[in-house]
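The chain contents come next:
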Amino acid sequence: MKFYRLEKTNYFKVWAMAILKSIGLGLMLTVAIMVILGYKFMIVSSGSMEPVMPVGSLIIVTPCDYEDLRLGDIVTMEGSGINLTHRIQGKVIDEGGTWVAIDEDDPRYNSSEAIWYTKGDNSDTVDGPLTKNIVGKVYENHIFKIVGVLVRYIKANYIMIIVLTVLLIGFVEVLNYLKGKLELEDIECYENDEE
């Protein structure tokens, strides 16, 4: 006598796994291409740009040239070994060793002498002139704020998340074990008369 286990195919599970794998592969390829093209992923670590970019927000910095910058752009620049992300507030010009802000009506505004300056939205301190130390422009998207806050939450509560994940995996495995014991209708017996 031979026994065979016949299992029913769960097509929803098969399609769901295929879709999830496709999305995961697509995301990994997208991130890889962005990194190859020079995009940088950063987490905001100070509140100088709140409420636009809360602490913990994930930002994507797109490479750009200094000439491509415009008033109101949020830019990331290098300075003293750290990256600083602030908004372009206007232009300044050097008048005898002192940087003086000029407005768009000033004829020197579009000259090569005028240099952009930045300031955080939530800060009263004006940064120095923005020279060639620019990393790139920040791509603004609210989805990345949610991802960044989620990353910050996970970093703060990783032990609890690991414990809950282990408990959830254990619970699912126990349920699968019990399900296998209780589903007797899936097991059929066949007798082999050939000898």
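What you see as residue numbers is a count from 1 along each chain, following the sequence as written. Only residues with pLDDT of 70 or above have their local features reported here, since the model is predicted, and side-chain atom pairs are shown and tallied only from 80 upward, although totals for entire chains, interfaces and linings are computed over all residues. Each side-chain value is derived from all of the structure's non-hydrogen atoms; neither hydrogens nor water enter the calculation.

## Concerning the overall build of the chain
Our working definition: Comment: elements are numbered from the N terminus, with helices defined as DSSP H or I runs of at least four residues and strands as E runs of at least two. Exposure is judged per residue with a 1.4 Å probe applied to protein chains only, and the accessible area is read against the type maximum: over 50% gives exposed, under 20% gives buried, and values in between give partly exposed. We call two residues in contact whenever any of their non-hydrogen atoms come within 4.5 Å of each other.
Counting secondary structure elements, the chain contains 3 helices and 10 strands. For the chain, the succession of helices and strands along the chain, N to C, is β-α-β-β-β-β-β-β-β-β-α-α-β. Counting all 195 residues of the chain, 25% fall into the buried class. For the chain, the proportion of contacts with a sequence separation of at least 24, taken over those separated by at least 6, is 59%.

## Some thoughts on a nonpolar patch on the surface
Going by this rule: A residue counts toward a patch only above 30% relative accessible area and without a salt bridge, and it is joined to like-charged neighbours within 9 Å or, for Val, Leu, Ile, Met, Phe, Trp and Tyr, to nonpolar neighbours within 5 Å. Computed by Shrake-Rupley with a 1.4 Å probe, the accessible areas treat only the displayed protein chains as cover when residues are assessed. The rule for a salt bridge is simple: a side-chain nitrogen of Lys or Arg has to be within 4 Å of a carboxyl oxygen of Asp or Glu.
A contiguous nonpolar surface patch, about 1,100 Å² in accessible area, is contributed by L150, Y153, I154, Y158, I159, M160, I162, V163, L164, V166 and L167. Those elements that place two or more of their residues in the nonpolar patch are α2 (142-156) and α3 (158-182). If you tally residues by element for the nonpolar patch, the top one is α3, at 8 residues. As for its placement among the helices and strands, L164 is situated in helix α3.

## With respect to the layout of surface pockets
For clarity, the cut-off: For cavity detection a 1 Å grid was placed over the protein atoms alone, and a set of points counts as a cavity when a 1.4 Å probe fits there but cannot get out; an open set counts as a pocket when protein lies on both sides within 12 Å along at least five of seven lines, with lining residues being those that have an atom within 4 Å of a point. Grid points are joined across faces, edges and corners, and a volume is the space filled by probe spheres set on the points. Polar here means any residue outside two lists: the nonpolar Ala, Val, Leu, Ile, Met, Phe, Trp, Tyr, Cys and Pro, and the charged Asp, Glu, Lys and Arg; Gly therefore counts as polar.
Looking at the second largest pocket, its volume works out to about 230 Å³. Lining the second largest pocket are 13 residues, with V44, S45, N83, L84 and T85 sitting closest to its centre. Looking at the lining of the second largest pocket, the elements that each hand over two or more residues are β2 (40-43) and β5 (82-94). With 4 residues, β5 is the single largest residue contributor to the lining of the second largest pocket. Here the residues of the lining of the second largest pocket are counted per class, giving 8 nonpolar, 5 polar and no charged.

## Side note on the nonpolar core
The criterion, for reference: Among buried residues, those of type Ala, Val, Leu, Ile, Met, Phe, Trp, Tyr and Cys that are joined through side-chain atoms within 4.5 Å constitute a nonpolar core.
The biggest cluster of nonpolar side chains holds 14 residues, and the ones touching the most others in it are Y66, L69, V75, I88, W116 and L130. The contact partners of L130, leaving out residues within four places of it in the chain, are Y66, L69, V75, M77, I88, I115, W116, Y117 and T118. Among the nonpolar cores identified, the runner-up in size contains 9 residues, and M42, V44, M53 and V138 belong to it.

## What about the packing of aromatic side chains?
For clarity, the cut-off: Side-chain rings of Phe, Tyr and Trp, where Trp is taken by its six-membered ring, are said to pair if the distance between their centres is within 6.5 Å; with planes under 30 degrees apart they count as stacked, over 60 as edge-to-face, and otherwise as tilted. By the criterion adopted, a ring carries a charge over it if an Arg CZ or a Lys NZ lies within 6 Å of its centre and within 35 degrees of its normal.
By the definition in use, this model includes 1 aromatic pair. For the cation-ring pair, K91 lies above Y109, with the distance from its terminal atom to the ring centre recorded as 4.8 Å. One Lys or Arg, K91, reaches over the ring of W116 and ends 4.6 Å from the middle of that ring.

## Thoughts on unusual backbone geometry
Residue P51 follows E50 across a cis peptide bond; omega there is 0°. With respect to the helices, strands and loops of the structure, P51 is situated in the loop between β2 and β3 (58-62).

## A closer look at the pattern of salt bridges
A complete count under the given rule lists 4 salt bridges for this structure. Note that R87 and D121 form a salt bridge whose closest N and O atoms lie 2.8 Å from each other. Of the two residues, R87 is situated in strand β5 and D121 in the loop between β7 (115-119) and β8 (126-129); the sequence distance between them amounts to 34 residues. Each of E95, D106 and R108 takes part in salt bridges that share partners, so that together they form one network.

## Some words on the confidence of the model for the chain
Filter applied, for reference: Note: pLDDT gives the predictor's confidence per residue, expressed from 0 to 100.
When pLDDT is averaged along the chain, the result is 80; 82% of the residues meet or exceed 70. Per-element confidence in the chain is highest for β7, whose mean pLDDT is 88, and lowest for strand β10 (residues 187-190), whose mean pLDDT is 53.

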